[in-house]
Amino acid sequence: MIRIGIPRALLYYQYYPMWKTFFEELGAEVVVSPPTSQAMLAEGSARVVADTCLPVKVFLGHVLSLVEKCDWMFIPAIRSVKNNTYNCSKFLGLPDMTRAVVPESPPILDIDIDINKGKRALYQAIYKLGRHFTWNPFKVRQASLAAWQAHLNYRELMSSHGLTPVEAIAETSGTPEVEHKASASHPTSARATIALIGHPYLLYDEYVNHRLIHRLEQADNKVLTPEMLTTEELESAIARLAGRAYWTYEEEVVGAGGHYLQSGTDGIIGIMTFGCGPDSLMMDAVRRHAVKLRATPFMSLTLEEHTAEAGVVTRLEAFTDMIYRRKRRQVEACV
Amino acid sequence: MRIGMPHMGNLYIPFKAMFQRLNIDFVIPPLTNQHTLSLGVKHSPEGLCIPFKLTLGNLIEAAQLGADTLLMPTGYGICRLGYYAKTQEQILHDLGYYNVEVIGVGISEHKLLGLLKIIKRLSNNAPWPKIISAFRFGLSKLNTLDRIERVVQKVRAVELVKGTANQLFAEAIGAIDKADDYNALKKAQADYIDQLNQITKDNQAEPVVVGIIGELYVVLEPFSNFDVESELGKLGVEVRRTMFLSEWTKFSLFLNPLGINEKDRIHKAALPYLKRDIGGDGWESVGEKVLHANRYDGLVHLVPFTCMPEIIAQNIMPKTKENIPVLTILCDEQITKTGMLTRLEAFVDLLQRKRRVENNRQRVAT
C-alpha cells in the first residue's frame with residue numbers, strides 16, 4: 001500500500017481528517033509524524049536561514065522525521081480558501097521550499113488551492129492530486145466528497161461540542177479516553193474564562209507553546225479557543241474590526257479576538273510567533289481594539305525557539321492573577 | 001484637500017510634476033532620514049518590516065505638514081503591504097490626526113483606468129484631457145530619471161574622481177524636478193548624459209559586475225539600504241538591476257493588460273525551483289539568480305528583515321544548480337553603515353579574486 005506522510009504541523013490541525021479520509025478512500029495509508037520534540041525542532045531549524053519563523057522550522061522537523069517512513073509527502077500550497085483573501089508566502093512556498101532544503105525527502109505531492117481562480121480550477125487541482133492513485137475521476141470525486149463530509153463533521157465537533165482540534169481528531173479516530181478529558185476540561189466552577197486566540201498550529205502544539213492550555217486548565221480556568229465559534233460569529237467580528245478579511249486565516253486571530261473582546265470573557269491571550277508577517281498586523285489590530293474598548297484585559301505572547309518555559313509561566317501567572325483580582329473587585333463592588 | 005505620499009527613491013518628482021499640472025495641493029515630506037525612521041519605528045508594531053516603518057514615518061511627517069489625504073500602495077496578492085494602508089490609517093488616527101484619510105492605490109487591481117480615476121477624484125474632477133496630459137508628463141519625468149540613473153550606474157564604477165557621477169546625478173535630479181515642459185526635460189536629459197560621459201574615466205578598468213536583486217522598496221529607497229549602489233560604485237563595481245520604476249509602471253500599467261509580461265522570462269527561469277508566485281518579489285529573486293548566474297560576477301540580495309517572500313527565496317536560492325556568489329543584506333533599523341561596508345568590501349574582494357583566478361587560468365590555457 002502506498003504510504004502518504006502528513007507532517008503534524010501547520011495546517012494539520014485544520015484539515016487532517018479531510019486529508020486522511022481523502023487518501024484512505026483512494027486506497028492509501030496515512031502516516032502522521034509524532035508530536036513535536038526538541039530534537040525535531042533542532043533538526044528543522046538547522047535546515048533553514050535563521051529568520052525563518054518558528055512554525056516553519058517545526059514543520060521541517062516533522063518532514064524530516066517522516067522521510068524514511070513514507071513513499072510520498074503531502075504538502076499543499078494553499079493560497080486562499082475564500083474569495084479575495086491571500087495567504088502568507090510561507091504557505092505558498094512550502095512545497096518548493098521543502099524540496100530545496102530537504103533534498104532527501106520522498107517525492108512531494110503538492111496541490112494548489114486557490115478559490116479566487118474559481119471552482120473549475122479547484123476541481124482540476126483535486127483531480128490532479130487523485131491521479132496519483134487512480135485514473136477514474138468518479139473515484140476521485142467520491143473520495144473528495146467523503147473528505148468534505150469528514151471535514152464538516154470535524155468542524156461540527158469543534159464548534160458545537162467545544163472540543164479542541166486535538167480532541168476532535170482523536171474522537172474521529174475513535175479513541176475513547178477523549179470523552180473523559182472533554183468533560184473534565186469544562187469545570188462547572190471556573191475561576192476565570194480565558195480566551196486564546198492564534199493559529200491552531202500554535203495553540204495545540206504543546207511543545208511550541210509550553211502546554212499553555214494545560215496550564216490554564218490546571219489552574220481551574222475555562223479555556224476558549226477560536227474553533228469553538230461558528231463561522232457567522234467569526235465573520236461578523238471581522239466585519240466589525242477590519243471591514244473585509246485580507247488574510248486566508250484571519251478569523252483565527254481578528255475574528256476570534258473581535259468576538260471574545262465583546263463576549264464577556266475575563267481575559268484574552270493572543271499567541272503569535274516572532275517574525276510572523278500576518279500576525280504582526282492582525283494581533284496589532286486586536287490589541288488596538290482592546291485598548292479602545294477598555295473592557296477585556298488582553299495579553300500578547302510572542303513565541304520563538306528561545307522562549308523559556310519559566311518566562312511564559314511568569315507572564316501567565318501575572319496575567320491570571322490580575323484577572324482574579326479584577327473579578328474579586330467587581331464582586332466586592334456589587335456587594 | 002492636501003495630498004501627501006511616502007517616499008520611495010525619486011518617486012516624488014513625477015508625482016509632483018503631475019499634481020502641479022492639475023493644480024492639486026501636494027506636500028512633500030522631508031526626504032527619508034534618521035528622524036523619519038525614529039518616528040516610524042516608535043509608532044509601528046515591532047514585527048513589521050522596514051518599508052512599513054519608513055513609509056509610516058513619511059506619512060506622519062506629511063500629516064504634520066497638513067496633508068489630509070495620503071496615498072499608499074495596496075492590493076491583494078502582493079504581500080502584507082496590501083494591508084499597510086489600513087493599519088497606517090489606524091495609527092495616524094490614534095496619534096491624533098483624526099481627519100487624515102489614507103487612500104490605497106492598488107496598481108494591480110485598479111489598472112490604468114482605475115489609477116486615472118483616483119487622480120480625477122483627487123483633482124476635483126478636472127477634465128480628462130488635462131489628467132491624461134499631466135499623467136503623461138509625470139511618466140516622462142520618471143523615464144528621464146531612470147535613463148540618467150542607468151548611465152550613472154556605469155560611470156560610478158570607472159570614474160577617476162569618486163563621487164563626481166553622484167554629484168552630477170544630484171544636479172540632474174534638481175534639473176528634472178525644475179523642468180516644466182517636454183523641451184526642458186529633453187534638454188536636461190541630453191545635457192547630463194553628455195556631462196556624465198565626459199567624466200574622466202579609467203579606461204583600462206574592467207569592473208566586476210554585481211546585480212542588485214530583492215524586495216522592491218529596499219532596492220529602490222537608498223536610505224533603507226545605505227545607498228548600497230553608490231558604495232559599490234566607490235569600490236569600483238558596476239551595478240545592474242532589472243528593477244526600475246519606469247519599467248515597472250510601463251509593464252504593469254500598459255503592457256500587462258495586453259498579455260505581455262516582462263517577468264515571464266524570470267519566472268520561467270525560477271520554475272525548476274519555485275513553481276508558483278509567493279507574493280512580493282520572492283519569485284523574481286529566485287529567477288534572477290538563475291538568469292544572471294553566467295552574466296554577472298555576483299549578486300547583492302536586499303531583504304527587509306522578516307520579509308515573508310524573501311525568506312522563502314533565501315532558503316531556495318543556495319540550492320539552485322546555477323551558481324553565483326550572493327551576498328544577502330538584511331535591512332532594518334538595526335543595520336549600521338560600517339557593518340554593511342565591511343561585508344561589501346569582503347564580498348567585492350572575493351569577486352575580484354575569483355575573476356583574477358579565472359583570467360590566469362584562461363591565460364595558462366591559451
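Residues numbered from 1 in each chain as written. Chains lettered and ligands numbered in written order. Predicted model: local features only at pLDDT ≥ 70, side-chain atom pairs only at ≥ 80, totals over all residues.

1. Some points on the overall build of chain A
Within chain A, the secondary structure is distributed over 15 helices and 10 strands. Scaling as 2.2 N^0.38, a compact globule of 335 residues should have a C-alpha radius of gyration of about 20 Å, and chain A matches this with 20 Å. Taken along its principal axes, the extent of the C-alpha atoms in chain A is 70 × 40 × 40 Å. Counting over 335 residues, chain A shows a buried share of 49%. The contacts of chain A with a sequence gap of at least 6 include a subset with a gap of at least 24, amounting to 72%. (Helix = DSSP H or I, 4+ residues; strand = E, 2+ residues; numbered from the N terminus. Rg over C-alpha atoms; globule rule 2.2 N^0.38 Å. Buried ≥ 20, exposed ≤ 12 C-beta atoms within 10 Å, placed from the backbone. Contact = placed C-beta atoms within 7 Å.)

2. Quick word on the pairing of strand E3 (residues 101–105) of chain B
Each regular strand carries side chains that alternate between the two faces of the sheet. All names here are of chain B. Alternating residues of E3 divide into Val102 and Gly104, all buried, and Glu101, Ile103 and Val105, none buried. Two elements, strand E2 (residues 69–73) and E3, share 5 bridges in a ladder whose sense is parallel. Across the sheet, Thr69 pairs through a bridge with Glu101, a residue of E3. (Pairing = 2+ DSSP bridges.)

3. Let's talk about the nonpolar core
Residues B:Leu70, B:Val286 and B:Ile316 are the most contacted members of the largest nonpolar core, which totals 163 residues. Counting residues in hydrophobic clusters, the runner-up holds 29 residues, among them B:Ile131, B:Ile148, B:Val151 and B:Leu185. (Core = buried A, V, L, I, M, F, W, Y, C linked by C-beta atoms within 7 Å.)

4. A closer look at the interface of chain B and chain A
Interface size is often expressed as the accessible area that is lost when the parts come together. Facing the 30 residues of chain B at the interface are 27 residues of chain A. If you list the elements that add at least two residues to the side of chain B that touches chain A, you get helix H4 (81–94) and helix H14 (308–316) of chain B. The leading source of residues in the side of chain B that touches chain A is H14(B), at 7 residues. Class assignment of the residues belonging to the side of chain B that touches chain A gives a composition of 14 nonpolar, 11 polar and 5 charged. (Nonpolar A, V, L, I, M, F, W, Y, C, P; charged D, E, K, R; others polar.)

5. Digging into the domain arrangement of chain A
All names here are of chain A. For chain A, the assigned domains read domain 1 (3–153) and domain 2 (187–334). Between the C-alpha centres of domain 1 and domain 2 there is a distance of 28 Å. Of all the elements, helix H3 (residues 54–66) adds the most residues to the side of domain 1 that touches domain 2, at 3 residues. Considering only residue class, the side of domain 1 that touches domain 2 consists of 13 nonpolar, 7 polar and 2 charged. (Domains from an automatic or database assignment.)

6. Looking at the sheet that holds strand E10 (residues 298–303) of chain A
All names here are of chain A. Strand order in the open sheet made by the 4 strands is E8-E7-E9-E10, with parallel pairing throughout. The sheet is open, and its two edges are formed by strand E8 (221–224) and E10, each paired on a single side. This sheet shows a mean twist of 25° between the axes of neighbouring strands, independent of strand direction. Pairing of strand E9 (residues 267–273) with E10, which is carried by 6 bridges, proceeds in the parallel orientation. Along E10, the bridge assignment pairs Gly270 with Ser300. (Axes fitted to C-alpha atoms, helices over the stretch in contact; angles between N-to-C directions.)

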